[in-house]
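# A closer look at the structure
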Amino acid sequence: MSEEIIKSIERLKAEKNAVIMVHNYQSPEVQDLGDYVGDSLGLAQIATETDADVIVSCGVYFMAETASMLCQDKTILIPDANAGCDMANMITPFQLEALKKEHPDAVVVTYVNSTAQIKAMSDICCTSANAVQVVNSIPREREVIFIPDRNLGRYVADKLGRDNIIFYDQGFCPVHDRMLLQYAVRARHEYPTAKMCLHPEGRLDVLKTADMVGSTTGILNYCKESAAKEFIIGTEIGILHRLRQENPGKKFYPLLPIADCPSMKLSSPEKIMLCLENMEVEVRVDPETAAKGVKAIDRMLEVSS
Ligand code: 13P
Ligand code: SF4
């Protein structure tokens, strides 16, 4: 990364009172520019706490939308507006409306990997870090519609032993859904002493073979605190940068080396510099949608605080 770009970004940040928020899957050079690097829950919490006027959201589109819903008075910029989350785009308001009609008394729990419109139609949001906690906060006798991730929904249902959760079969993360049981079996065989850490967007049969299941920050914390020296990592490979940076004496093996989310790799130092210089692309959720969506996000933040 050129020194010139780093200096320009620093100057622009000071001029505009901006912060750079980066998801754990972003490319190494973008992570190294972050004022905050974290998981979806951490990024949402930091957005509510920062006194910056401008947030450069380096992640995927729904993360910038979440920041806009939570901080309507701030300018939210995304370095590349094409960075969509495939899973978020797998459910439309029309499809959610149909589910709600079919189950009128159910509580709608929506994974943050969803559009602003979908959040605005939901009762409560969750992230991978708090999905179990969020669903557990709903009385057991109430039916739950869990969208859009069928895998996370099944993991939560299994963890809580709940059989009244309606899953959305068309929703999944293409990166994590590709991690099949056979890869987990092979990795265990190849690295018999390694701890297996998996993201809950994975399939339930694979998750059942894990030593730990957690959000990206959960995985980072586990590996830091563990006395083990080797880890099999079942999530997007962008996380390996921080894992290796923070744990120089430990070894990390990706469960699937091609586990790459193309949208997460669309940000770059150059695009960050340009977006601060030109103050675009701005992501602004309209006030009506934001007001509705923020209720569902705030409920989640209350449950996870
Ligand atoms: P985390 O919230 O665990 O960082 O996950 C976000 C995501 O997009 C996983 O694919
Ligand atoms: Fe969405 Fe999957 Fe990419 Fe995460 S890894 S942003 S869930 S497509």
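Residues numbered from 1 in each chain as written. Chains lettered and ligands numbered in written order. Predicted model: local features only at pLDDT ≥ 70, side-chain atom pairs only at ≥ 80, totals over all residues. Heavy atoms only, no water.

This brings us to the overall build of the chain. A count of helical and extended segments in the chain gives 15 helices and 12 strands. Along the first, second and third principal axes, the C-alpha set of the chain runs to 55 × 50 × 30 Å. For the chain, buried positions account for 57% of its 305 residues. Across the chain, every contact between residues at least 6 apart in sequence was considered, and the portion connecting residues at least 24 apart equals 63%. In the structure as shown, the chain presents an accessible area of about 13,100 Å², 50% of it carried by carbon and sulfur atoms. Counting 32 positive and 43 negative side-chain charges, the chain places the averaged centre of each group 5 Å from the other. (Helix = DSSP H or I, 4+ residues; strand = E, 2+ residues; numbered from the N terminus. Buried < 20%, exposed > 50% of the residue type's maximum accessible area, 1.4 Å probe, protein only. Contact = heavy atoms within 4.5 Å. Areas by Shrake-Rupley, 256 points an atom, 1.4 Å probe, with all protein chains shown as cover. Lys, Arg positive; Asp, Glu negative; His and termini not counted. Charge placed at Lys NZ, Arg CZ, Asp CG, Glu CD.)

Looking at ligand 1, the residues that line it are His23, Tyr25, Asp39, Ser40, Asn113, Ser128, His176, His199, Glu201, Ser215 and Thr216. Within the side chain of Asn113, an N or O atom sits 3.1 Å from an oxygen atom of ligand 1. Between ligand 1 and the protein, one listed contact pairs an oxygen atom with a side-chain N or O atom of His199 at 2.8 Å. Most atoms of ligand 1, that is more than half of them, are within 2 Å of grid points of the largest pocket. A class-by-class count of the residues in the shell around ligand 1 yields one nonpolar, eight polar and two charged. (Near = heavy atom within 4 Å. Polar contact = N/O pair within 3.5 Å; in protein donor to acceptor, adjacent residues only side chain to side chain. 1 Å grid on protein atoms, 1.4 Å probe; cavity = no way out; pocket = protein on both sides within 12 Å on 5 of 7 lines; lining within 4 Å. Sits in = over half its atoms within 2 Å of the grid points. Nonpolar A, V, L, I, M, F, W, Y, C, P; charged D, E, K, R; others polar.)

Time to look at the pairing of strand 7 (residues 144–147). Here strand 7 shows two buried faces, one formed by Val144 and Phe146 and the other by Ile145 and Ile147. Note: strand 5 (residues 107–111) against strand 7, four bridges, orientation parallel. Bridge pairing links Val108 to Ile145 in strand 7. Looking at chain direction, strand 7 and strand 8 (residues 165–167) are connected through three bridges and run parallel. Its bridge partner being in strand 8, Phe146 is matched across the sheet by Phe167. (Pairing = 2+ DSSP bridges.)

Estimates place the volume of the largest pocket at around 270 Å³. Lining the largest pocket we find 27 residues, and of these Tyr25, Cys85, Asn113, Cys173 and Glu201 sit closest to its centre. Across the lining of the largest pocket, the residue classes break down as 13 nonpolar, eight polar and six charged. (Points joined across faces, edges and corners; volume = space filled by probe spheres on them.)

Keep in mind these numbers describe shape, not what the thing actually does.
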